[in-house]
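What follows is each chain in one-letter form.
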Amino acid sequence: MTGATPRVAVIGLGLLGGRLSRELVAGHPEVSLALYSSRENRREELGRVFDGAVRAGMVSVGSTKDDPAVGVEVVVLTGDQTSQVGAASEHLAAERNVVTTVDPFECARELWA
């Protein structure tokens, strides 16, 4: 991926996903972000927060109903922990790099299987 702009999808834009998105935009302008939330009001809010980056084409904001995997090298799952296991498995099967914030050992064990 030398010379290419890495594209990262952050799925789940609550407290953790929103914070991570802000850190990536502020500290890593070389990263292109695709942000996905199931909540329309959260998508609108982050669209306003990242307005300049959205207009510059470095950030897109979409619904979790959209396909977040298009052109993405890394998928970061920060939403509901019970849904992360299935989503992580799907993205791993598609040979994408996955970062998950799943915490309970029972959920993590499923990912290690």
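Read on for an overview of the structure. Keep in mind it's a predicted model, so treat the numbers as computed, not measured.

## Observations regarding the overall build of the protein chain
When helices and strands are tallied, the protein chain shows five helices and five strands. Secondary structure elements of the protein chain, listed N to C terminal, follow the sequence β-α-β-α-α-β-β-α-β-α. For the protein chain, buried positions account for 35% of its 113 residues. Restricting to contacts in the protein chain with at least 6 residues of sequence separation, those with at least 24 account for 63%. Of the accessible surface of the protein chain, which amounts to about 6700 Å², a share of 53% is contributed by carbon and sulfur atoms.

## Examining unusual backbone geometry
Even without being glycine, E95 reaches a positive phi, approximately 65°. Looking at where E95 falls in the secondary structure, it is placed in the loop between helix 4 (81–93) and strand 5 (97–100).

## Remarks on helix 4
If you check helix 4, its first and last C-alpha atoms are 19 Å apart, about what 13 residues at 1.5 Å a residue would give, namely 18 Å. Every buried residue belonging to helix 4 is among Q84, V85, A88 and H91, and all of these are buried. Viewed end-on, helix 4 has its buried residues packed into an arc of 145°, placing them on one side of the element. Of the residues in helix 4, the exposed ones pointing more than 90 degrees away from the buried face are T82, E90 and A93.

## Section: helix 2 (residues 40–49)
For helix 2, every residue scored as buried is listed here: R42, R43 and L46. In a view along the axis of helix 2, the buried residues occupy a sector of 100°, so they form one face of it. What points out from helix 2, more than 90 degrees from its buried face, is the exposed set E40, N41 and R48. Buried residues along helix 2 sit against helix 1 (15–27), strand 2 (32–37) and strand 3 (59–63).

## A short note on the environment of V49
If you trace the backbone, V49 turns up in helix 2. Classification of V49 as partly exposed rests on a relative accessible area of 43%. Each C-alpha atom of the pair V49 and R22 lies 8.9 Å from the other, and the pair is 27 residues apart in sequence.

Here is what the cut-offs are and how they apply
- Residues numbered from 1 in each chain as written.
- Predicted model: local features only at pLDDT ≥ 70, side-chain atom pairs only at ≥ 80, totals over all residues.
- Heavy atoms only, no water.
- Helix = DSSP H or I, 4+ residues; strand = E, 2+ residues; numbered from the N terminus.
- Buried < 20%, exposed > 50% of the residue type's maximum accessible area, 1.4 Å probe, protein only.
- Contact = heavy atoms within 4.5 Å.
- Areas by Shrake-Rupley, 256 points an atom, 1.4 Å probe, with all protein chains shown as cover.
- Expected span 1.5 Å × (residues − 1).
- Arc of directions from axis to C-beta.

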